[in-house]
Amino acid sequence: MKKIFLLSCYLLLLSHFYSEINSEPDKFYIMNIHEYQGKEILASYGVRVQRGIVANNAVEAVAAAKQLTAETGTGWHVIKAQIHAGGRGKGGGVKLAKNLQQVEELAEQIIGMQLITPQTPPEGKKVNKVLVAEDVYYPGESETSEFYVSVLLNRGTGRNMIMYSTEGGMDIEEVAEHTPHLIFTEEIDPSVGLQGFQARRIAFNLGLSGNAFKEMVKFIDALYNAYIGSDASMFEINPVLKTSDNKILAVDAKVNIDDNALYRQPKYAEMRDIREENPIEVEAKEVGLNYVDLDGTVGCMVNGAGLAMATMDLIKYAGFEPANFLDVGGTADAKRVETAFRIILKDPNVKAILINIFGGIVRCDRVAQGVVDAYKNMGDAIKVPIIVRLQGTNAEIAKELIDNSGMPILSAVQFQEAADQVKAALS
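The structure presented is a predicted model; accordingly, all values stated were derived computationally and were not measured. (Residues numbered from 1 in each chain as written. Predicted model: local features only at pLDDT ≥ 70, side-chain atom pairs only at ≥ 80, totals over all residues. Heavy atoms only, no water.)

Q: Which residues make up the UniProt feature "binding site: substrate" (unreviewed entry) in the chain, and what values do they have?
A: Under the present numbering, the feature "binding site: substrate" (unreviewed entry) in UniProt falls on N303, G360, I361 and V362. Look at the named residues: they lie 60 residues apart in sequence, but the longest C-alpha span between them is just 10.3 Å, so in the fold they bunch up. At a separation of 2.9 Å, a polar atom in the side chain of N303 contacts the main-chain carbonyl oxygen of F358. You can see G360 is positioned in the loop between β17 (352-359) and α13 (364-378). (UniProt positions renumbered as here; feature names shortened; annotations may be inferred. Polar contact = N/O pair within 3.5 Å; in protein donor to acceptor, adjacent residues only side chain to side chain. Helix = DSSP H or I, 4+ residues; strand = E, 2+ residues; numbered from the N terminus.)

Q: Let's hear about empty space enclosed by the protein: which residues, and what values?
A: If you walk through the whole model with that rule in mind, you get 3 cavities of 30 Å³ or more. Its volume calculated, the second largest cavity comes out at about 50 Å³. Around the second largest cavity, the lining residues are V388, L390, A395, A398, K399, I402, S411, A412 and V413. Put simply, the parts of the chain that give the lining of the second largest cavity at least two residues each are β18 (386-392), α14 (395-403) and β19 (409-412). Ranked by the residues each element gives to the lining of the second largest cavity, the list is headed by α14, at 4 residues. For the lining of the second largest cavity, the residue count by class is 7 nonpolar, 1 polar and 1 charged. (1 Å grid on protein atoms, 1.4 Å probe; cavity = no way out; pocket = protein on both sides within 12 Å on 5 of 7 lines; lining within 4 Å. Points joined across faces, edges and corners; volume = space filled by probe spheres on them. Nonpolar A, V, L, I, M, F, W, Y, C, P; charged D, E, K, R; others polar.)

Q: Can you break down helix α3 (residues 35-44) residue by residue, with the values?
A: Of all the 10 residues making up α3, 7 are buried; the element is thus mostly covered by neighbouring parts of the structure. Among the residues making up α3, those that are buried are E35, Y36, Q37, G38, K39, I41 and L42. Among the residues trailing α3, G46 stands out with phi positive, at a value near 90°. (Buried < 20%, exposed > 50% of the residue type's maximum accessible area, 1.4 Å probe, protein only.)

Q: So what's going on with the nonpolar core? Residues and values would help.
A: The biggest cluster of nonpolar side chains holds 41 residues, and the ones touching the most others in it are L42, I162, M216, F219, I220 and F235. Elements with a contribution of two residues or more to this core: α3, β8 (145-154), β9 (159-165), α7 (196-205), α8 (210-229), β11 (232-242), β12 (248-250) and β13 (254-258). Ranked by the residues each element gives to this core, the list is headed by α8, at 11 residues. For F219, the contacting residues outside a window of four places in its chain are V47, R48, I237, V240, I248, L249 and A250. By size, the runner-up hydrophobic cluster in this structure holds 35 residues, among which are I357, V372, I382 and A395. (Core = buried A, V, L, I, M, F, W, Y, C linked by side-chain atoms within 4.5 Å. Contact = heavy atoms within 4.5 Å.)

Q: I'd love a proper account of the sheet that holds strand β2 (residues 52-55), names of residues and values included.
A: If you trace the 4 strands from one edge of the open sheet to the other, you get β2-β7-β3-β4, paired in antiparallel fashion. Only two strands of the sheet have a single partner each, and these edge strands are β2 and β4 (94-97). Along the sheet, successive strands turn relative to each other by an average axial angle of 25°, direction set aside. Alignment of strand β3 (residues 77-81) against β4, held across 4 bridges, turns out to be antiparallel. Across the sheet, residue I79 finds its bridge partner in β4, namely K95. Docked against the sheet, α3 engages β2, β3 and β7 (130-134), running at close to 50° with respect to β7. (Pairing = 2+ DSSP bridges. Axes fitted to C-alpha atoms, helices over the stretch in contact; angles between N-to-C directions.)

Structure below.
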């Protein structure tokens, strides 16, 4: 049981990591969407959600608040920044408005701000819109309770699982560290799907009874259907709220859609907000390159994800940090190499570039010629050292091409040799 728990926590942390690096569509196969969009998906599958209306400015926020009051009767409104990151409340991106004047003031304050949370880059993310939501923490016959519920894939077992806890409203990482006994998991057999007894066990472990118990069973069933039906890689609801009148609803919604399934989910593909993504990663995706922006100084150009990971380890071993993950795939001709060069060099932190290619499908001599031609075409645009390691078919011919090119390109054959070249170039 302990191993299952540790694996579950690891998977969730991995999902958070994927959300932060935001490259996902081609390399990590997820597309992030906003809270209000996630709630739209949930509601379409019968999941009860905190109702809200998205607004792009203060005027729209006031109009949304008036509409919500007319439709729901809510007197207070929650103004929630819409960015692809968690922890918005801690950064000042979630505020309660008790009247329309406060709705206007808070919307003006939040829209346009650089919101910094534990899941954003150091400079934060610009807020372009807010969700004006109803107040669901109203007084009633019982106390409100907050829970944590997520659905994701356990890659260790190849099964979907539901992770849940009584400690809603908190970072799940904190719960895992300090009170791990309060995190539960429920694995789903893909041959039969979510069973009724499993949904009831979740409600029981959350300490619910009566109508709230029945509501939670319905909630879990609808949530799992939404996860499967939308081809999601993760649904994270934190918190799931038991209201004072024993209703169960999603107050928040963090949803990642599997990018590989977008061909059959065109309506979800339209939800993509490229303003929330790294512009270099967006450009790389448009030209068919798998690129992830990182914080180091050594740019990487590699073919194959496994070799890319090993190359980043190589850079770390040499005492430096990788500036990116870039997989050029099975083709590495001059045009593609030149495009990759230009993408890498858009990062001002890059001080050297390491090209590490295994010549299997593509011959090493063709890659070498592509590197040389790309270097010639770019002229003085390349102002950092280039280290090229080619191994595989025609590797020796490739090394001769590099060495006799007359270009200031360093060649290597062995991993250690490449690491030494990087170290020497940056020392």
